[in-house]
Structure formats: structure tokens, C-alpha cells
Amino acid sequence: MRRLLFTLIGLLAMLAVAGQDFLNNATVNGSFQTDVQFYRPDNAIGIYDTTILGRKVGINGFGNINFSLGKFKAGMRYEAMLTPLAGFDPRQEGNGFPNVWASWGNDLIDLTVGNFYEQFGSGLIFRSYEEWTLGYDNSVNGMRVLLYPAKGLTLKGVYGSQRFFWQKYERNSRGLVRGADAEFSFNDAFEGMESSGFRLSVGASAVSKYQRDADPLYNLPENVGAFSGRINLGAGNFSFMTEYAWKINDPSAVNNYIFAEGQALLSSLSYSQKGLGVVLQLKRVDNFSFKSDRGETANALDINFLPPINRTHAYSLTAKYPYATQPNGEMGLQFQVNYKIPKGTKLGGKYGTGVALNFSQVNDIVRDTADKTEYSGTLGYTSDFFKVSDHIFFRDLNIEIDKRFNSRLKGVVQYMNLLYDIAVIEGHTGEEAVEAHLAVADFTYKLSSRNALRVEAQGLWTKQDEGDWAALMAEYTIAPKWFVALADQYNYGNPDKDKRNHFYTFSAGYTRESTRIALTYGRQSEGVVCVGGVCRQVPASSGLTVTLSTNF
Amino acid sequence: MKKIFFLCFIGMISLSLQAQETSLPKVMIKTLDGQSFNTSGISNDGKPVILSFWALWCKPCQKELDAFSELYAEWQKETGVKIYAVSIDDSRSTARVAPLVKGKGWEFEVLLDPNGDFKRAMNVNMIPHTFLLDGNGKIISQHTAYFDGAELELYEKVKKLAGKN
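Residues numbered from 1 in each chain as written. Chains lettered and ligands numbered in written order. Predicted model: local features only at pLDDT ≥ 70, side-chain atom pairs only at ≥ 80, totals over all residues. Heavy atoms only, no water.

A. Main features of the overall build of chain B. Within chain B, the secondary structure is distributed over five helices and seven strands. Starting at the N terminus and ending at the C terminus, chain B contains elements arranged as α-β-β-β-α-β-α-β-α-β-β-α. In chain B, buried positions account for 57% of the 165 residues. Within chain B, counting contacts between residues at least 6 apart in sequence, those at least 24 apart form 69% of the total. Element-wise, carbon and sulfur atoms account for 56% of the exposed surface of chain B, whose accessible area totals about 6,800 Å². (Helix = DSSP H or I, 4+ residues; strand = E, 2+ residues; numbered from the N terminus. Buried < 20%, exposed > 50% of the residue type's maximum accessible area, 1.4 Å probe, protein only. Contact = heavy atoms within 4.5 Å. Areas by Shrake-Rupley, 256 points an atom, 1.4 Å probe, with all protein chains shown as cover.)

Laid out in C-alpha cells, this is it:
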């Protein structure tokens, strides 16, 4: 008996030791962020007690915890939006674990169960992703298989239901998504091609959604299939990419329940060598909204992603009028040149000068009879693939020059000419399209190796919408930890004299390693925040914002 | 006898577990040419690696990479450090990444993470987010945000890691 006990204790001790080894080999990591806003009434910019309605604090927070041990991984994500920040969809309000997942993988297979993110090709028929700053998450709750059966060949299969805020999936509460993708890279597959100047990969995908037809009027397709093919070709300094997608009829609230088929095309051709890069992109979208609930019109339940191809601007006024893809139809092109004027030349100076020229324009497509789009329940319209409508949704011509003057001073200047159909893009029906000129100057002066002062001045001149704006910002940084900044945006040309407001802010922040705390006090003007192609309207607000972010 | 057998068994398990190396997560992303790239292959023959997440819409990110670019030749000569810059631009702008990189004359490795898979695996909440890895792919330090001059502190750490201090 005693011997047995000793053996057991010994075994337990060994297990404990082994267990420690077991845990030593496991890793746990994660990240955390919380954004808090305290709101106060500010009558001058139209925020009254009745706007705030007692909700003086908005908090969005999340935490991710991931565990991995060898080939096994698992993770979960907690979110609490109590109450969501101003401007977020009110359906965001809630708390819990929206994402829980586990996966296992080796050289041949990778399996995931639970919530996952995935993209086929450029996402024209399938992309699930998450964008915290926008409160956007269309992760799929289901299963995913990745297979690597041969060198150069990748196969993917997915199915599940998509995240819809906090609403749990129940039978027929929304649609289901199933999809498969194959990609073959010739360079990875064939020896000798690996380091060849010629590069080729091809891919194809198919996605189907199922949603029950409960419509009393129409006989709607319950299974909607979408298909796409893509080629990625490279030769020397040239690179060409194209993806074409097609979808069967998919009547929805977005296309006003027409039974037309949809198609989308995205192509790009680029040339790059040291000091020079040129890219031309073309896009055509026709009736290509693809959501797992045909009744949804907001930024939710998208199965696919239709990228807007214009430049995403980084300064506050240049980003004031951002374009958003029109899924019912658009044709766009984008052209960009990046050139570095070499060092030692007259224009290049001692350090070289960077020049970036960018042009993009998006027009409507031509429909045989415009009125027919109103006719729900019909085939809608027919559209000539190559015809471009005279109706311009968006046009942006901008040039940016960056230059270092000496070891202490460097700067960026930018000019931008913009045409923005605010009626179509933001739904401000009846408003005139915005024609604007913008200019930016951004200079950084290094006071010492770690202290720098940055000053940014911007102007936006237009006769439409809110009229002229000027913005000024000064930022002092002590690398790598501290910053303070003062900024003001002044709507001095607003046609309504009572609305010629200053939107001042004071911000400060501290960063150590990956932990960041930032405070901003002041006014936020009404506008649109866009990240990676999705936009969110932000109402005017006034108060204090605190952001805390870290990882481990 | 049984006891010995158990001991051996447990010993073998713990040994097999220890044999696994800890390094970067394995995520399939793309190179600038559009070829598949396994992130666990990020390495530099035992020398330090700087791994920086950035995007076209992020000004401070490009400032940081410009600063790296100006010093890269010197850094490489002194410490052999290698820089990987991972763009998290999605399909709206991936086609513009290579022309910008070449146009700016950046000479480090640039990778594309169009759906944020690698970003999530590395717990990157906001960019720029820069990691310093040792020769075994272990994270030595990391930093969010970029202010002018931060590259100097980073390089001090690189030198220490490379034993060149």
C-alpha cells in the first residue's frame, strides 16, 4: 500500500515537472485596448443636453487572449461597448465574447473552428475582417480548412454564419456563407522558376450564401452563387494583377430588389525600379453588393469587399471628403507615380527629393434607362461594360513633395484638387457636389537627437458644403515616449456665420514599449472616419477622450 | 519496471515538447511580387531582425521607415541587422505598395498582410508597431508609435543584441 502511495506521489511529482515543461513550451499572448470618451454639451457646435441624453460616457473596449502550444492554437476575444462611443452603430451596445476559436495545423492542413477571418484573392467575393476604429467585424463563425497538398498549391474551404453585432445565429435569422478557393503559384511549384524574373500565379473562388425566402411578394433566390478568377503576372519590373467576379441575381435592399446579375472587375498594372514606381488601376462594379442578409443596408454582414481605389489621405482636412465604393455601380481609375529625384542633382539636393503624383476618378456606369433601377422585382437595367457615364462621383488630383533640407529640418507639401458628389457618397440628397482646393505643409524640426517639433498647416477652400477651413497643429515629441500637441480646425468660411466654429484640441500621450496612453481634450468636428475602405460617420462631439492600448 | 517505463515515457514527452522551438507564429502572407510567404521564415542567420508594421495611410509609419532607410546601409554594415516592413494595406491599396516602396528607394524586405492575419497573430493594435527580434525570432522589445529620433534608441538595442556595444 505504502509502495503504491510512493509510486503515485512520484508519478505526480514527475507529472508536475513534466507539466511545467508542458507549460514552458506553451505561450500565451494577447492585446487589450479601451477607448473612453466623456461628453459635454457644447451649444456652439450643436451639442445640447438633449443630444447627449444622459449618456455622458462612451466606452469601447476589447481584449484578445491567444494560447499556443506547438501546432495547436486557441484564442478568444472579449468586447464591451457600454455604451458605444458616439457615432458607432447603436447595435454595438453589449458585452461578451464575440470570438472564440481553436486551430491546429501542420505542413499539409490547417483547421480552424470557431470565429475566423479570411480573404479570397482581393476580396471581391469573400472577405471577413475586423476594423476596431470603425466597430466593423464580419468574422465568420464556423469552420475553415486550409490545405497545402502540393508545392505552390493552396486550397481553402470555409462555411459558417457571419457576426451581426451581438445577435446570435439562430435558424433562418440570417444567411449562411459557404466558400472555396484555390491558388496556384507556378514559381513555388516548379524548381528553377523560384528566382526567375517571370512570376505567375492564378486563383479561382466560389462562394454561395443561403438565406430562406420569406418574402410575401417575390420569389427570391435562396442560394446565391458568386464566382471569381484572378491572375497575378510579373515580368522583370512589371507587374499585372486582375480579378473578375460574377454573381447570379441577388435581389436585396441595397439594389432595390432587382433580379439582375452582378459583376466586378479590378485590375492593376505597375512598373517599379529603384527610385521610380508607377501604377495604373482600373475598376468596374455593377450591382455587386453581397451580404448574408438581403435586408441589411448598413455596414454589416458584407460577404465581399469592394475596395475603393483612390488614395487614402492622412491629413485631417485632406481626409475630410473620403470616397466610399458605390456597390450598385461605378467605374474608376487611379494613376500614381512615385519618384525620388536623386541626391546630388539640382532638384534633388544633398538628400534627394520625393515626388508623388496621384490621380483618381470614379464615374457612374451607364444604365440603359436610369429609371429602371427603381423597378424592384424586374431585371432592372442592362449596362454596357465599356461605357462610362458623365456623372462623376469623385475625382482627386494630388501632388506631394517631401524633402530633407538639412540634418535637422525636413518637410512635406501637398496640393489636392477634389470633386466630391456629397449627395451620392454621403446621401445628402439635393446638395451640390463639393469642388475644393486643398494645401498642406508639414515641417519637422529636430531640436536634438530625441526632441522634435512638428508644425502642420492645412487649408481647404470650397464654395459648397461647409465652405472654407483652415487647420493648424503643433506637436512636440520626445522620442520614443512622449508627445504633446495643440491643434485647431477653423471653419472660417462657413456660409452660415453662426457655424464659423473653432475645433480646438489638446492631446498628450505616453508610450512605453507597446503600452500607449493618449488623452485628447477638445472638439471633434463632424466628419467621416475611413479605414481600409469602410467609413463611419462621426458626429460632432466635445469633451475628453482617453485611449489605453497594450499587448503582452 | 512499470515505474521506469512511466518515467521514461514522461521524460520522452517532456523532451519532445522542449524540442519545439519558440519563434514567430506561422501565418501565410504575401511578398511584394504576390508570392506566398510563411512568416515563421522571417530570420537573419542568427542576427537581429527589425519587424515593422505599417500602411500607406499611416504618415508616422512612413516617417519611421524613411528614417530606417537613411541609416540602413550603415546599420547593416555594423550589425548585420535585417529589416522586414509588413504593410497591412488591404486590397484597395496593395497594388500601390510596391511602386511606393521602390519610388522611395527602401531597400529592406517588404511584405503584404492584406487581411491583417499576421497583424492579429502579433497582437498589433495600432501602427506603427515595431518589433526587435533576436537571432532566434524571439521578441526582445517592441514599440508602438514613432517620433523623430526613436530609431536611435532602437539601434542601441540592436547593437547590444549584436554584441557591438
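The discussion continues.
B. Representation of the packing of aromatic side chains. All names here are of chain A. Across all of its chains, the model carries 30 aromatic pairs over all chains by this definition. Arranged with centres 5.2 Å apart and planes meeting at 55 degrees, the rings of Phe164 and Phe165 form a pair that is tilted. The same class applies to Phe164 as to Phe165, namely buried. For the pair Trp482 and Tyr510, a centre-to-centre distance of 4.5 Å together with 50 degrees between the ring planes defines the contact as tilted. Placement of Trp482 in strand β25 (residues 482–490) and of Tyr510 in strand β26 (residues 502–512) is noted, with a sequence separation of 28 residues between them. Relative accessible area serves as the criterion here: at 46%, Trp482 is assigned to the partly exposed category. (Phe/Tyr/Trp six-rings, centres within 6.5 Å; stacked < 30°, edge-to-face > 60°.)

C. Molecular detail of unusual backbone geometry. Residues and elements named next belong to chain A. Cis geometry marks the peptide bond from Leu82 to Thr83; its omega dihedral reads -15 degrees. Here Thr83 is to be found in the loop between β3 (72–81) and β4 (94–105). Backbone geometry at Asn172 places phi at a positive 65 degrees, although glycine is not the residue there. With respect to the helices, strands and loops of the structure, Asn172 is situated in the loop between β11 (153–162) and β12 (176–185). Judged by its relative accessible area of 29%, Asn172 is partly exposed. Positioned with a positive phi, Glu513 is a non-glycine residue whose angle comes to about 50 degrees.

D. Summary view of the state of the cysteines. All names here are of chain B. Counted by the stated rule, this structure contains one disulfide over all chains. Across a sulfur-sulfur distance of 2.0 Å, Cys58 and Cys61 are joined as a disulfide pair. The S-S bond linking Cys58 to Cys61 shows a torsion near 80 degrees; that makes this disulfide right-handed. Judged by relative accessible area, Cys58 falls into the buried class, the value being 4%. (Disulfide = S-S within 2.5 Å.)

E. Spotlight on helix α5 (residues 150–161) of chain B. The end-to-end C-alpha distance of α5(B) is 17 Å, a good match for the 16 Å that 12 residues give at a rise of 1.5 Å each. Along α5(B), the positions that sit buried rather than exposed are B:Ala150, B:Glu151, B:Leu154, B:Tyr155, B:Val158 and B:Lys159. Buried-residue contacts for α5(B) involve β22 (434–446) of chain A together with β3 (49–54), α2 (59–79) and β6 (129–133) of chain B. B:Gly163 sits one or two residues past α5(B) and shows a positive phi near 70 degrees. (Expected span 1.5 Å × (residues − 1).)

F. Representation of the pairing of β12(A) in the model. All names here are of chain A. Burial along β12 is one-sided: the face carrying Val177, Gly179, Asp181, Glu183 and Ser185 is buried and the face carrying Leu176, Arg178, Ala180, Ala182 and Phe184 is not. Summarising the sheet, β11 and β12 pair through eight bridges and their orientation is antiparallel. The partner of Tyr159 across the bridge, within β12, is Arg178. As paired elements, β12 and strand β13 (residues 198–210) share 10 bridges and run antiparallel to each other. By the bridge assignment for β13, Arg178 is matched with Ser208. (Pairing = 2+ DSSP bridges.)

G. Structural context of the nonpolar core. Ranked by internal contacts, the top residues of the largest apolar core, which has 42 residues, are B:Ile42, B:Ile50, B:Leu51, B:Phe53, B:Trp54, B:Phe108 and B:Phe118. For this core, the elements supplying multiple residues, two or more each, are β3, α2, β4 (82–87), α3 (94–104), β5 (109–112), β6 and α5 of chain B. The residues contacting B:Leu51, other than those within four sequence positions of it, are B:Ile42, B:Tyr84, B:Val86, B:Phe118, B:Met122, B:His129, B:Thr130, B:Phe131 and B:Leu133. In this structure, A:Tyr39, A:Val434, A:Leu438 and A:Trp469 belong to the second largest nonpolar core, which totals 25 residues. (Core = buried A, V, L, I, M, F, W, Y, C linked by side-chain atoms within 4.5 Å.)

H. Structural detail: α3(B). For α3(B), a buried count of nine out of 11 residues is recorded, marking the element as mostly surrounded by other parts of the structure. Taken together, the buried positions of α3(B) are B:Ala95, B:Arg96, B:Val97, B:Ala98, B:Pro99, B:Leu100, B:Val101, B:Gly103 and B:Lys104.

I. Geometry of the domain arrangement of chain A. Residue and element names in this part refer to chain A. Entries for chain A in the domain assignment read domain 1 (117–307) and domain 2 (316–444). Contacts between the two partners involve 27 residues from domain 1 and, on the opposite side, 29 residues from domain 2. Of the roughly 2,300 Å² buried at the junction of domain 1 and domain 2 (both faces included), carbon and sulfur atoms supply 51%. Here domain 1 is connected to domain 2 by one salt bridge. With a shortest N-O distance of 2.4 Å, Lys283 and Glu330 are connected by a salt bridge. Residue contributions to the side of domain 1 that touches domain 2 peak at 11 residues, all from strand β17 (residues 276–286). Residue classes in the side of domain 1 that touches domain 2 are distributed as 16 nonpolar, eight polar and three charged. (Domains from an automatic or database assignment. Buried area = accessible area lost by both parts, 1.4 Å probe. Salt bridge = Lys/Arg side-chain N within 4 Å of Asp/Glu carboxyl O. Nonpolar A, V, L, I, M, F, W, Y, C, P; charged D, E, K, R; others polar.)

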